[in-house]
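# Results of the structural survey
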Amino acid sequence: DTAHQYPNQIALIDGHTDDSISYAQLNQRADQVAHLLIERGVKVGDMVGLWLPRGINLLVMQAGIAKAGAAWLPFDADVPVDRIAVCLEDAHAVGLISCDLFSPQLTHLTQPVWTAEALSIPILGELKSQRAQASDPAYVIYTSGSTGKPKGIMINQGSICHFLRSENSVLGIRMSDRVYQGFSVAFDMSFEEIWISYLVGATLWLAPKEVVSDPDAIVDAIEENEISVLHAVPTLLALLPRDVADLRLINLGGEMCPDSVVERWATPHRLLFNTYGPTEATVSAS
């Protein structure tokens, strides 16, 4: 819907390369990925693994899985390959989307591996599509679980769509915002960054790997790229060395928020939210 309404609006900016794509381009590329996944036998409700480095390609593949009516099982870029195998098996995944760089490590998998490069080949003619229902799975997040054994939490389409709309009725992220994207797609707070931005047509700035772990680099990036919205855990916010005047909204979650963070970052000109919820409750509950 956003791509039809604001086709030329910039959807994604890769902070490493400065490459960018519009919502129309994101939509078109995701449609092609969906078509090729359907050609490979992916059906509505199927589980598809997702293991790629940070960047535009990762989010194109994620959107392509959604457009195929399937659900994704995301992995951190630095996750051990053995854990990938365990989770794919446990989730009965029909395949894994990865890339040429990672695929040599995946030869022992029993599931097929589809590379982002192969799924990015332009298609001529009519594209196949499949639409999920509200009760179909949207994604599975694997947590470590209290026993240390990976535990998969499956969230359906209706729950996550309702969450995105209802949370943004409170947050008020809008098309004019530039949103910092720093979370791994294997952490469900990434939905607040990525999919609320898609919902309203905001622009996502995808932080490169070397930025997300460096508080000084994060502040520099926020200033240089005129970021207006930051989703973060309180621990990260506490480590940032200075305030950034252009940040109009900060959404905190994932852990307890100390008073010292509130006193430092809450100003009369900024919205500061403290949200929290277990993965099972669909990202945030409060």
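Everything below is about the structure printed above this text.
Throughout what follows, the structure given in this document is the object of discussion. Treat the numbers as computed from the prediction; the structure is a model and nothing was measured. (Residues numbered from 1 in each chain as written. Predicted model: local features only at pLDDT ≥ 70, side-chain atom pairs only at ≥ 80, totals over all residues. Heavy atoms only, no water.)

## Concerning the side chain of Asp188
Looking at where Asp188 falls in the secondary structure, it is placed in the loop between β9 (178-181) and α6 (190-200). For the buried Asp188, no salt bridge exists, and the shortest N-O distance to an oppositely charged side chain is 12 Å, to Lys151. Polar contacts involving the side chain of Asp188 include one to the side chain of Thr279, which spans 3.5 Å. (Helix = DSSP H or I, 4+ residues; strand = E, 2+ residues; numbered from the N terminus. Buried < 20%, exposed > 50% of the residue type's maximum accessible area, 1.4 Å probe, protein only. Lys, Arg positive; Asp, Glu negative; His and termini not counted. Salt bridge = Lys/Arg side-chain N within 4 Å of Asp/Glu carboxyl O. Polar contact = N/O pair within 3.5 Å; in protein donor to acceptor, adjacent residues only side chain to side chain.)

## Topic: the packing of aromatic side chains
For the structure on display, the rule yields nine aromatic pairs. Seen in terms of ring centroids, Trp72 and Phe191 are 5.8 Å apart; in terms of plane orientation they differ by 15°. Their pairing is stacked. Of the two residues, Trp72 sits in strand β4 (residues 71-74) while Phe191 sits in helix α6, which places them 119 residues apart along the sequence. Connected via pairs of aromatic rings, a cluster forms that spans Tyr23, Trp72, Tyr139, Phe191, Trp195 and Tyr198. (Phe/Tyr/Trp six-rings, centres within 6.5 Å; stacked < 30°, edge-to-face > 60°.)

## Comments concerning the pattern of salt bridges
In the structure shown here, the tally under the stated rule is eight salt bridges. We note a salt bridge from Glu280 to Lys151, for which the minimum N-O separation is 3.3 Å. Taken together, the residues span a long stretch of sequence, with Glu280 in the segment after β13 (271-274) and Lys151 in strand β8 (residues 151-156) at a distance of 129 residues. Its relative accessible area of 46% is what places Glu280 among the partly exposed residues. Judged by its relative accessible area of 38%, Lys151 falls in the partly exposed class. Glu223 is paired through a salt bridge with Arg242; the nearest N and O atoms lie 2.9 Å apart. With Glu223 in helix α8 (residues 215-224) and Arg242 in the loop between α9 (234-239) and β12 (249-252), this pair connects stretches of sequence that are 19 residues apart. We classify Glu223 as partly exposed; its relative accessible area is 36%. Connected through shared salt-bridge partners, Asp220, Glu223 and Arg242 make up one network.

## What to know about helix α2 (residues 23-39)
Helix length check: α2, at 17 residues, gives a terminal C-alpha distance of 24 Å against a target of 24 Å (1.5 Å per residue), a fit within 8%. Every buried residue of α2 is listed here: Tyr23, Leu26, Ala30, Gln32, Val33, Ala34, His35, Leu36, Leu37 and Ile38. Positive backbone phi, approximately 100°, marks Gly41, located one or two places after α2. (Expected span 1.5 Å × (residues − 1).)

What is shown is where atoms sit, not what they do.
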